[in-house]
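What follows is each chain in one-letter form.
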Amino acid sequence: MAQTAAPAAPATAAAFPSAADIEAQVVTRKTRRGAGNLFFAQTGTVPHLAPLPERPTLVDYFKLRFMATSNHCLQSANRALSKGMSEEIVLACLLHDTAQDLIKVDHGWWGAQLYEPYVSAKVSFAIRYHQVLRFYEDQEHGYEYPDLYRRLFGHDYRPEPYIERTDQMVRNHKWYLAPRLVTVNDLYAFDPRVQPQLEHFTDIIGRHFKQPKDGLGFDGSPTAHMWRSLAMPDHPL
Ligand SMILES: [Fe+2]
Ligand SMILES: [Fe+2]
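Okay, so let's go over this structure. (Residues numbered from 1 in each chain as written. Chains lettered and ligands numbered in written order. Predicted model: local features only at pLDDT ≥ 70, side-chain atom pairs only at ≥ 80, totals over all residues.)

Let us look at the nonpolar core. It is characteristic of soluble globular proteins that their nonpolar side chains tend to be buried jointly. The biggest cluster of nonpolar side chains holds 49 residues, and the ones touching the most others in it are Ile89, Val90, Ala92, Cys93, Leu94 and Ala126. Listing elements by their share of this core, those giving two or more residues are helix H2 (58-64), helix H3 (70-82), helix H4 (87-95), helix H5 (107-115), helix H6 (121-133), helix H9 (177-187) and helix H11 (224-231). Among residues more than four places away in sequence, those in contact with isoleucine 89 are Ala80, Ala126, Ala178 and Leu181. (Core = buried A, V, L, I, M, F, W, Y, C linked by C-beta atoms within 7 Å. Buried ≥ 20, exposed ≤ 12 C-beta atoms within 10 Å, placed from the backbone. Helix = DSSP H or I, 4+ residues; strand = E, 2+ residues; numbered from the N terminus. Contact = placed C-beta atoms within 7 Å.)

Here's what the structure looks like:
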C-alpha cells in the first residue's frame, strides 16, 4: 500500500490564503460554507425548481436537482470511462459529489449514505472515502494535492484527526483503489469546455443502480428523507 503523506507544502504559498484567513471570512457570510447548493444562491436569489415526476429516477434528479454538480460529475465519469476503468468506478465518479447539492460538509459520507440502498458496497465505499483521499497525495496512482484545496482550506491547512485516521484506514483497505481512482478522475474534471451527456451513462446506471419502482424519496428506504430534501428544498419544515 502507498504511504500516507501530509499535504505537500506549495512552492507558492503566498499565492494562497492561510487557514487563518479562511477562518476570518466566516463572519462575512450569510450562509455557512457547508450548506448544499440547492439551499442558497451564489448571486441574487434562488430560482423556482421544476417539480419532479411522481416516481423520480436518478436521471430526473440529475436533470432537475443536481444542476450545480452534474457537469463536474459527468466529466469525472467521462474520464473514468475513457481510461477504461470498471463500470463501478465510472458510476462512483458519476455520483461522487452530487450530495453537495444537499450538503457540502462531509459530502463523502453523506453521498455514500444517500446511495447505499441503491448501489454496491464498493461504489458507496468509493464515494464515502474519495473525500478523505483528496487531502493526501498518491503519486504512484497519479494524484497530486490540488491547488483548489489550497484556495478552499488555506495553504497551511492540516486535515482534522478524523480525516487523518480515516486516511490510514482506507490506505490499508482492500478497496483503497476505488476511492483513489475517484480522486484521480476528480482532478481532471473541471474543464468547462467538456460537456459529456448523461445519456452516455444510461446503460451503466441501468446495470449498477437499483432504481426503486416507487421513486427515489418515496420508496421507504433508510435514505428516502434525504432524497425528499433534494426534491422539496423549499419546504420550511
Ligand atoms: Fe468530492
Ligand atoms: Fe469532485
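So, on to H11. Of all the positions in H11, only Met226, Trp227, Leu230 and Ala231 are classed as buried. Within H11, the buried residues cover an arc of 145 degrees as seen down the axis, which keeps them to one side. (Arc of directions from axis to C-beta.)

Two elements in contact, H5 and H6, have axes separated by 7 Å at closest approach and are oriented at 170 degrees. Taken as axis vectors, H5 and H6 run roughly antiparallel relative to one another. Between H5 and H6, the contacting residues are His107, Gly108, Trp109, Gly111, Ala112 and Tyr115 on the first element and Ser124, Ile127, Arg128, Tyr129, His130, Gln131 and Val132 on the second. Per-class residue counts for the contact of H5 with H6 are 6 nonpolar, 6 polar and 1 charged. (Axes fitted to C-alpha atoms, helices over the stretch in contact; angles between N-to-C directions. Parallel < 35°, antiparallel > 145°, perpendicular 65-115°, else oblique. Nonpolar A, V, L, I, M, F, W, Y, C, P; charged D, E, K, R; others polar.)

Among the 9 residues that make up H5, 7 are buried, leaving the element largely enclosed by the rest of the structure. Elements that come into contact with the buried residues of H5 comprise H4, H6 and H11.

Taken N-terminus to C-terminus, the directions of H3 and H9 make an angle of 110 degrees; their axes are 8 Å apart at the nearest point. Compared by their axis directions, H3 and H9 come out roughly perpendicular. Note on packing geometry: the crossing formed by H3 with H9 is right-handed. The residues of H9 that touch H3, namely those facing Ser76, Arg79 and Ala80, are Leu181, Asn185 and Asp186. (Left-handed = near helix turned anticlockwise from the far one by under 90°.)

Its identity is not glycine, yet aspartate 106 carries a phi of approximately 55 degrees, on the positive side. Positionally, aspartate 106 belongs in the loop between H4 and H5. Classification of aspartate 106 as partly exposed rests on a count of 16 C-beta atoms within 10 Å.

Moving on, we get to the environment of leucine 181. Inspection of the secondary structure puts leucine 181 in helix H9. Distance from leucine 181 to histidine 96, taken between C-alpha atoms, is 11 Å for residues 85 residues apart in sequence. In this structure leucine 181 touches Ala80, Met85 and Ile89, once residues within four positions along its chain are discounted.

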